[in-house]
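# Tertiary structure, described
Listed here are the chains, written in short residue letters.
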Amino acid sequence: MDNELVKPLLPVAPTAPERIPQTGEEYLAQVRQQAAKIPDWTTSKSEILGKTSTLLNNPRNLFDQSTDPYKAPQEYRPSEGWIKERINDFKNLRKLISTVPKESKPKIKNDNQEWKKLMYNSNQSPSIRYLSALDQNRTIKLLECHIQWYANYQKNMDQWIYALLLRCDNLLEADDIHTLRKLVQKVRQRRSRLEFGDEFIGSTLIIAIVSHFYGQKDLAD
């Protein structure tokens, strides 16, 4: 098997059709069920970049301050194959969300604080049904809010940012690109303080989406 592929720790298991997969294998299972769940970054620590876990045992500063202080260290940078697969997953989920019938979309007050309560106070994981209720304007506003919210990082925050990116238009205006860049800069800064693991990989995924799908290559690892 290609060592660039993620090896999920969780077994394949049927999941509710309105949710998005938490592992690559769950994603494939739900595609067969005509639905999917946001791919989570639960992986083995040696998978993402085809490296061995022995690297994790070397106490050192992972980030080279002599160049870009927030770029992932060479040994933990995502391979081209890993990025390509994640971009393909991203595109497929975008298409899936667009197929949700209007009558199936939940009624949620069009307010940033109401969405924040849904996301974090109720511990709600992203789902296709909830995402389908977002229009472009609200999506961008919520991404703007996350620039501030990210300072007080909460569980599932990277997962929700990934979910919001799914609802952004392919072609964004300059102000919207500026919002994505500011948010990714926050993500990169936080990642520089993380040990290599699931949260590190989650941040790397967001950076890869913005830098490769939305064309902000100077932010790439």
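Data block above holds the structure.
Everything in this summary refers to the structure shown in the same document.

Reading the values: rules and limits
- Residues numbered from 1 in each chain as written.
- Predicted model: local features only at pLDDT ≥ 70, side-chain atom pairs only at ≥ 80, totals over all residues.
- Heavy atoms only, no water.
- Core = buried A, V, L, I, M, F, W, Y, C linked by side-chain atoms within 4.5 Å.
- Buried < 20%, exposed > 50% of the residue type's maximum accessible area, 1.4 Å probe, protein only.
- Helix = DSSP H or I, 4+ residues; strand = E, 2+ residues; numbered from the N terminus.
- Phe/Tyr/Trp six-rings, centres within 6.5 Å; stacked < 30°, edge-to-face > 60°.
- Lys NZ or Arg CZ within 6 Å of the ring centre and 35° of its normal.
- Expected span 1.5 Å × (residues − 1).
- Axes fitted to C-alpha atoms, helices over the stretch in contact; angles between N-to-C directions.
- Parallel < 35°, antiparallel > 145°, perpendicular 65-115°, else oblique.
- Left-handed = near helix turned anticlockwise from the far one by under 90°.
- Contact = heavy atoms within 4.5 Å.
- Nonpolar A, V, L, I, M, F, W, Y, C, P; charged D, E, K, R; others polar.

## A look at the nonpolar core
Among the nonpolar cores identified, the biggest contains 52 residues, and Phe90, Met119, Leu143, Ile161, Leu165, Ile209 and Tyr214 are the most heavily contacted of them. Elements with a contribution of two residues or more to this core: α2 (80-97), α3 (112-121), α4 (128-131), α5 (136-149), α6 (157-166), α7 (174-191) and α8 (198-213). Considering every element that reaches this core, the biggest residue donor is α8, with 9 residues.

## So, the packing of aromatic side chains
All chains considered together, the criterion is met by 8 aromatic pairs. Centroid distance Phe196 to Phe200: 5.2 Å. Interplanar angle 55°. Geometry classified as tilted. Linked through ring pairs, Phe90, Tyr162, Phe213 and Tyr214 together constitute an aromatic cluster. Arg190 extends its terminal NZ or CZ atom over the ring of Tyr153, reaching a point 3.5 Å from the ring centre. Its end group placed over the ring of Phe200, Arg191 keeps NZ or CZ at 5.3 Å from the ring centre.

## Considerations on α5
If you check α5, its first and last C-alpha atoms are 20 Å apart, about what 14 residues at 1.5 Å a residue would give, namely 20 Å. Of all 14 residues making up α5, 10 are buried, and the element is well covered by its neighbours. Those residues of α5 not exposed but buried are Gln136, Arg138, Thr139, Ile140, Leu142, Leu143, Cys145, His146, Ile147 and Trp149.

## Quick look at α8
Three- or four-residue spacings in an α-helix give side chains the same orientation, since the helix completes a turn every 3.6 residues. In a regular helix each residue adds 1.5 Å, so 16 residues correspond to 22 Å; α8 covers 22 Å between its end C-alpha atoms and thus fits that length. With 13 of 16 residues buried, α8 lies mostly within the body of the structure. Directly after α8, the chain includes Gly215, whose backbone phi takes a positive value near 75°.

## Quick word on the packing of α5 against α6
Orientation of α5 relative to α6, taken along the N-to-C sense of each, is 155°, at an axis distance of 10 Å. Our classification of the angle between α5 and α6 gives roughly antiparallel. Crossing geometry of α5 relative to α6 is assigned as left-handed. Contact residues: α5 offers Thr139, Leu142, Leu143, His146 and Trp149, while α6 offers Met157, Ile161, Leu164 and Leu165.

## Let's talk about the packing of α6 against α8
Relative to each other, α6 and α8 sit at 20°, their axes nearing to 10 Å. The orientation of α6 relative to α8 falls into the category roughly parallel. As α6 packs across α8, the resulting crossing turns out to be left-handed. Between α6, through Asp158, Ile161, Tyr162 and Leu165, and α8, the contact on the second element is made entirely by Glu199, Gly202, Ser203, Leu205, Ile206, Ile209 and Val210. Grouping the constituent residues of the contact of α6 with α8 by class yields 7 nonpolar, 2 polar and 2 charged.

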